[in-house]
Amino acid sequence: ATPTAIMVGTGKGAEYGILIKGGEALEITHKVGTVILDKTGTITEGNPEVTDVIATGDVSEEQLIQIIASAEKGSEHPLGEALVRYADKNSIMLLKPESFEAIPGHGIRAVIDGRHVLVGNRMLLSDAGINPDHLEAEASRLADEGKTPVFAVVDEKAAGIIAIADVVKKDSKEAISRLHQLGIMVVMITGDNQKTAEAVAREVGIDRVLAEVLPQDKAEEVKKLQKEGGIVAMVGDGINDAPALAQADVGIAIGSGTDVAIESADIVLMRSNLMDVPSAIELSKSTIRNIR
Ligand code: ADP
Ligand code: MG
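What you see is a predicted model, and the numbers here were worked out from it, not measured in a lab.

What counts and how
Residues numbered from 1 in each chain as written. Chains lettered and ligands numbered in written order. Predicted model: local features only at pLDDT ≥ 70, side-chain atom pairs only at ≥ 80, totals over all residues. Heavy atoms only, no water. Near = heavy atom within 4 Å. Polar contact = N/O pair within 3.5 Å; in protein donor to acceptor, adjacent residues only side chain to side chain. Areas by Shrake-Rupley, 256 points an atom, 1.4 Å probe, with all protein chains shown as cover. Helix = DSSP H or I, 4+ residues; strand = E, 2+ residues; numbered from the N terminus. Nonpolar A, V, L, I, M, F, W, Y, C, P; charged D, E, K, R; others polar. Pairing = 2+ DSSP bridges. Axes fitted to C-alpha atoms, helices over the stretch in contact; angles between N-to-C directions.

> I would appreciate a short explanation of the site of ligand 1 in the present structure.
Residues in contact with ligand 1 amount to 18 residues; listed here are only the nearest, E72, H77, G105, N121 and G191. For ligand 1, a nitrogen atom lies 2.5 Å from a polar atom in the side chain of E72. Contact distances for ligand 1 include 2.8 Å between an oxygen atom and a backbone N or O atom of G191. Here ligand 1 has 550 Å² of accessible area as a free molecule, and 92% of this is covered by the chains. Residue assignment for the shell around ligand 1 shows that the elements contributing at least two residues are β5 (107-112), β6 (115-120) and β7 (148-154). In the shell around ligand 1, the residues fall into five nonpolar, 11 polar and two charged.

Below is the structure:
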């Protein structure tokens, strides 16, 4: 590619808020055959909200929310923040945790008013040797609706489920269909559970789902797809997407995402619009076409 063509291409990208870091990124982007999209904050808005509260056993719904939100008070995870927001909105007073520990990809562990509390996914519960059999049907129904079921355990007893949902961005479906028109396979990657991920994937037309992927394993999943052949682009917004963005042939960060993601990326979408993913690929294709 001539320097002039590259300059024109990156200039055109900048007009649309597609920041391309260097000519190499612009050149390789036209060969992309697989696009991996992070779910939370990339396909969805990233503003999860509590939708259902199901208390079982001997705690009331209000007590359940109080315990869970108090336990999540120190959490920086969007799900934890959603739980705390929900308690605030319902004027439920929070208690100060006596201890708190985040378990990445699983949930949190805390002590509230002398009670040992776990909040998180099924893996967190099975690691603690707790089997929430009586909650499985409910969890499965919520997940089929695209909601994330969050389990709560109080003193080794499953105490309930809270469902949290995140709205799909309005352009996600159309962006994915444009990628399909370009002959590209579209994969979703997420730490969320399989059923929830599949429900969201169905809604937007994803070809393949990689769910229940631990934060530290996202880059490895990118590598596996690269080994299947073809050039792989990864689109993400979060801190835990950074290694995957760096591993991909083309790392694309959402402009509203975290600084670490933006630094690790080759392309930054300033408008935070997924439609700019196919646009960046089309821009690269037209740049390459013009110089041949
Ligand atoms: P992602 O960013 O793709 O949602 P994470 O690895 O951060 O993935 O989380 C994976 C799963 O672990 C979540 O879907 C949730 O079930 C559980 N989880 C993680 N952190 C928390 C938390 N603070 N509270 C409740 N559940 C959590
Ligand atoms: Mg994300």
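This is not the end of the story, as more comes after the structure.
> Can you help me understand the sheet that holds strand β11 (residues 231-236) in this one?
Within a beta sheet, neighbouring strands are joined by backbone hydrogen bonds and run either parallel or antiparallel to one another. Pairing within the open sheet is mixed, and its seven strands lie in the order β1-β13-β12-β11-β2-β9-β10. Pairing within the sheet leaves two strands with one partner each, and these edge strands are β1 (18-20) and β10 (208-210). In this sheet, neighbouring strand axes are inclined to one another by 20° on average, regardless of whether the strands run parallel or antiparallel. Relative to strand β13 (residues 267-269), strand β12 (residues 250-254) is paired through three bridges, and the arrangement is parallel. Bridging across to β13, I252 finds its partner in I267.

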